[in-house]
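For reference, the chains in residue letters:
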Amino acid sequence: MKNIIPLGKLIAVGGNEDKGTYPNPRTRRKYYLNFFELGILKRIVLETGKPDPRIEVITTASMIPEEVGPIYTSSYAMLNCLNVGIMDIRTPEDARQPAYLERLLAADVVMFSGGNQSRLREMFGETEFLDRLLQRYHAEPGFVVAGTSAGAMAMSQYMIRGGSVPDALLKGAVKMGTGLGLLPAAVVDSHFVKRGRFGRLIEAVALHPKLIGIGLGEDTGVLITEGNLVETVGSNLVIILDGHNIQHNNAAAAKKGTVLSVENVTMHVLAKGNVYDMRERKFYASKEILDAQLAAPIDAAATSATVQR
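Quantities reported herein were computed from a predicted structural model and do not represent experimental measurements.

K.L.:
Looking at this structure, I do not really get the packing of helix 1 (residues 40-48) against helix 2 (residues 65-78). What am I missing?
P.N.:
The description of two helices packed together rests on the angle between their axes and the distance between the axes. Here helix 1 crosses helix 2 at 70 degrees, and the two axes come no closer than 10 Å. Classed by the angle they form, the pair helix 1 and helix 2 counts as roughly perpendicular. Like other packed secondary-structure pairs, helix 1 and helix 2 cross with a definite hand, here right-handed. Residue-level contacts link Leu41, Ile44 and Val45 of helix 1 to Tyr72, Ser75 and Tyr76 of helix 2.

K.L.:
Sorry, what's going on with the sheet that holds strand 13 (residues 266-270) here?
P.N.:
Across a sheet, paired strands are connected by hydrogen bonds in the backbone, their directions being either parallel or antiparallel. Strand order across the open sheet formed by 4 strands is 8-9-12-13, with mixed pairing between neighbours. Each end of this open sheet is capped by a strand with a single partner; those strands are strand 8 (186-189) and strand 13. Shown here is a sheet whose adjacent strand axes are inclined to one another by a mean of 20 degrees, direction ignored. Taken together, the 4 bridges between strand 8 and strand 9 (residues 212-216) define a ladder with parallel strand orientation.

K.L.:
Sorry, what's going on with the pairing of strand 11 (residues 229-234) here?
P.N.:
If a strand is regular, its side chains alternate between the two faces of the sheet. Counting buried positions along strand 11 gives 6 out of 6 residues, so the element sits mostly inside the fold. Two elements, strand 10 (residues 220-225) and strand 11, share 6 bridges in a ladder whose sense is antiparallel. Paired with Gly221 across the strands is Val233, a residue of strand 11. Hairpin geometry of strand 10 and strand 11 is characterised by an intervening segment of 3 residues between the two adjacent antiparallel strands and by a positive phi of about 60 degrees at Glu226.

K.L.:
Mind showing me how you'd approach the pairing of strand 2 (residues 55-58) here?
P.N.:
Alternating residues of strand 2 divide into Ile55 and Val57 and Glu56 and Ile58, and every residue in both groups is buried. Looking at chain direction, strand 2 and strand 3 (residues 84-87) are connected through 4 bridges and run parallel. Across the sheet, residue Ile58 finds its bridge partner in strand 3, namely Met87. The parallel pair strand 2 and strand 3 is bridged by helix 2, and the resulting crossover is right-handed. Pairing of strand 2 with strand 4 (residues 109-112), which is carried by 4 bridges, proceeds in the parallel orientation. Counterpart to Glu56 in the pairing with strand 4 is Val110.

About the thresholds
- Residues numbered from 1 in each chain as written.
- Predicted model: local features only at pLDDT ≥ 70, side-chain atom pairs only at ≥ 80, totals over all residues.
- Heavy atoms only, no water.
- Axes fitted to C-alpha atoms, helices over the stretch in contact; angles between N-to-C directions.
- Helix = DSSP H or I, 4+ residues; strand = E, 2+ residues; numbered from the N terminus.
- Parallel < 35°, antiparallel > 145°, perpendicular 65-115°, else oblique.
- Left-handed = near helix turned anticlockwise from the far one by under 90°.
- Contact = heavy atoms within 4.5 Å.
- Pairing = 2+ DSSP bridges.
- Buried < 20%, exposed > 50% of the residue type's maximum accessible area, 1.4 Å probe, protein only.
- Right-handed = clockwise from strand over helix to strand, strands pointing away.

By themselves, these are just geometric observations and shouldn't be taken as functional.
Below you can see the structure in the form of structure tokens.
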């Protein structure tokens, strides 16, 4: 499916997204966007095109699903979305239950919570559930797959399973595995700036230089359309690492624990509204600028035809 342009949408979130609980005098966490108008959960709802979409939250990655599920139910309720279900899938056998498959097929949004991204592959790998999720994502324009923290990281084909921040940029500091395969063109990391994960994303890109590295800040995400266009949503920043122009690179040959040596990794910093085209590897300040540039050749050709007549 790598060459098929998906009709659905991905929303990958870096974790700690605003759930409508701020301001709270007991927390120092600050959110800079209006939850009801510009928050990430609101954007997930808007991208379906429906006022009250059917949302299924999958808490499989979490070790405290009984706490995580009700938080999302109440957060979406604040946005007048009351058609929300929680899929607490704990085993591969659970993932194969017909009832969960039916709920997947009826959903407008499937959202993976945070936790341990490896659990998502363990539970859903080689299941009809994952096959149908991928089919719907590729075939249905109104279908949204969202994920936060571990749920975002698991979207990649080549997924970061973990890695030591203190050992960053030493060979082997990043642990790679197989993800859910929704995003074959990129590798995603979350809590990116706050947890200092530059090093492990650089190593991931050095090991797979044909992939685009996407580092997601907290309360920040990316809306990915056509499997390719990355628009930043939320209040923080997104880091893009592009390894296509890497020249010297010892990542494959270096021994475990030795220092990496990588030449010419390109980095972009995206704020809210910025867009990155992964296929063309170009940055745009806004979706409007991208649309204008895409339309320009058509306008020029039409003008030329008019002149010739």
